[in-house]
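Chain and residue survey
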Amino acid sequence: RFDDAARTLYALYSGAALQFARRVVPMSIPWFNRGMGEHLGSVEIGRTALQPKRREEFTPRLRTALGRTQEFAAKRLRPRDFMLMSHSRFYDAQASDRSILAWGWIDFLMSTTGRARAETPWAEYLKAIREGTTLKSAYERTFGKVDMDALETAWLDYLRGIAR
C-alpha cells in the first residue's frame, strides 16, 4: 500500500498484469512478465478503453537505459539477448535497465500496427510458448527467422520517440 493513489493503482494493475501474463504464457518468462507488468500497470482505465498513462514517469529510466545503447551487446540489453535469459540472469545487476527495456519491447510489439505488426512474429512466439516449446526453440522458430537488427532499430527509434 502506498500513500498516493496513483502508485497504489500502478501496483495493483501491475500485479493483475502478472496474473494475466500467466494465463497467456503459463511458464515464467522474466522479460515477458516484467514487460507486461510495466505495460499493463501503466494504464488508466477509461470509460471505453485502456489508456497509456505513465510513460512520462518512465522517461528518465528510459533515457538512462537508452544512453547505454553503445553497451547493449556487452550488457545484453537487446531483446534478442533478454528474450532468452533465465530468471536469475534477467534480474542481475542490469535488471533495472532490462525491466524498462522489456516494457518498451512489449509496448513496441503491442503498439505496432499494420504491415509492421505483420512483420513481427509476436503471435507465433506466444503460441509456441503456450505449446510448451522452450524459450530458445520458440525464439529460433519465430524471432530467429526475422531481421532482428532491423526490428531492434525500429524498436530503438520507437523508444527514442517516447523518451523525448
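Figured I'd write up the structure that's included with this text. This one's a predicted model, so the numbers in the text were calculated from it and none came from an experiment.

1. Regarding helix H7 (residues 95–111)
- For H7, built from 17 residues, the straight-helix expectation of 24 Å at 1.5 Å per residue is met to within 8% by its first-to-last C-alpha distance of 23 Å.
- The buried count for H7 comes to 14 of 17 residues, which makes it a mostly enclosed element.

2. Describing the packing of helix H2 (residues 30–41) against H7
- At their nearest, the axes of H2 and H7 sit 7 Å apart, and the two run at 75° to each other. By the angle class used here, H2 and H7 are roughly perpendicular. Residue-level contacts link Trp-31, Phe-32, Arg-34, Gly-35, Met-36, Glu-38 and His-39 of H2 to Ser-99, Ala-102, Trp-103, Trp-105, Ile-106, Asp-107 and Met-110 of H7.
- The class makeup of the residues in the contact of H2 with H7 is eight nonpolar, three polar and three charged.

3. Re the packing of aromatic side chains
- Evaluation of the coordinates by the stated rule reveals 13 aromatic pairs.
- With 6.4 Å between their ring centres and 45° between their planes, Trp-31 and Phe-82 make a pair best called tilted. Placement of the pair is Trp-31 in helix H2 and Phe-82 in helix H5 (residues 79–82), with a sequence separation of 51 residues.
- A centroid spacing of 6.1 Å and a plane angle of 45° characterise the contact between Phe-32 and Trp-122, whose relative ring orientation is tilted. Within this pair, whereas Phe-32 is found in helix H2, its partner Trp-122 is found in helix H9 (residues 122–130), the two being separated by 90 residues in sequence.
- Accessibility expressed as a relative area gives 1% for Phe-32, which makes it buried.

4. A look at the pattern of salt bridges
- Scanning the model with the defined rule gives seven salt bridges in all.
- Between Arg-89 and Asp-92 there is a salt bridge, with its nearest N and O atoms 2.2 Å apart.
- One salt-bridge network, in which partners are shared between bridges, spans Arg-80, Asp-149 and Glu-152.

Conventions adopted
The residue numbering used here restarts from 1 in each chain and proceeds along that chain's sequence as written. Reporting in this predicted model follows two pLDDT cut-offs: at least 70 for local features of residues, and 80 or more for side-chain atom pairs to be given and counted; totals over whole chains, interfaces and linings ignore these cut-offs and use all residues. Side-chain descriptors were evaluated using all non-hydrogen atoms of the structure, hydrogens and water having been removed beforehand. Strands here are runs of E lasting at least two residues and helices are runs of H or I lasting at least four, both read from the DSSP assignment and numbered beginning at the N terminus. Expected helix span is given by 1.5 Å per residue-to-residue step, counting one fewer step than there are residues. The cut-offs for exposure are 20% and 50% of the maximum accessible area for each residue type, with area from a 1.4 Å probe on protein chains only; residues under the lower value are buried, those over the upper are exposed, and the others partly exposed. Note on definitions: angles span 0 to 180 degrees between N-to-C directions of axes, and those axes are lines fitted to C-alpha atoms, for helices only across the stretch in contact. Oblique is the label for any angle not covered by the other classes, which are roughly parallel (under 35 degrees), roughly antiparallel (over 145) and roughly perpendicular (65 to 115). By definition, residues are in contact when any of their heavy atoms lie within 4.5 Å. Polar here means any residue outside two lists: the nonpolar Ala, Val, Leu, Ile, Met, Phe, Trp, Tyr, Cys and Pro, and the charged Asp, Glu, Lys and Arg; Gly therefore counts as polar. In this analysis, rings of Phe, Tyr and Trp, with Trp reduced to its six-membered ring, are considered paired at centre separations within 6.5 Å, and the interplanar angle assigns stacked below 30 degrees, edge-to-face beyond 60, and tilted for intermediate values. Basic side-chain nitrogens of Lys or Arg form a salt bridge, by our definition, when they fall within 4 Å of a carboxyl oxygen of Asp or Glu.

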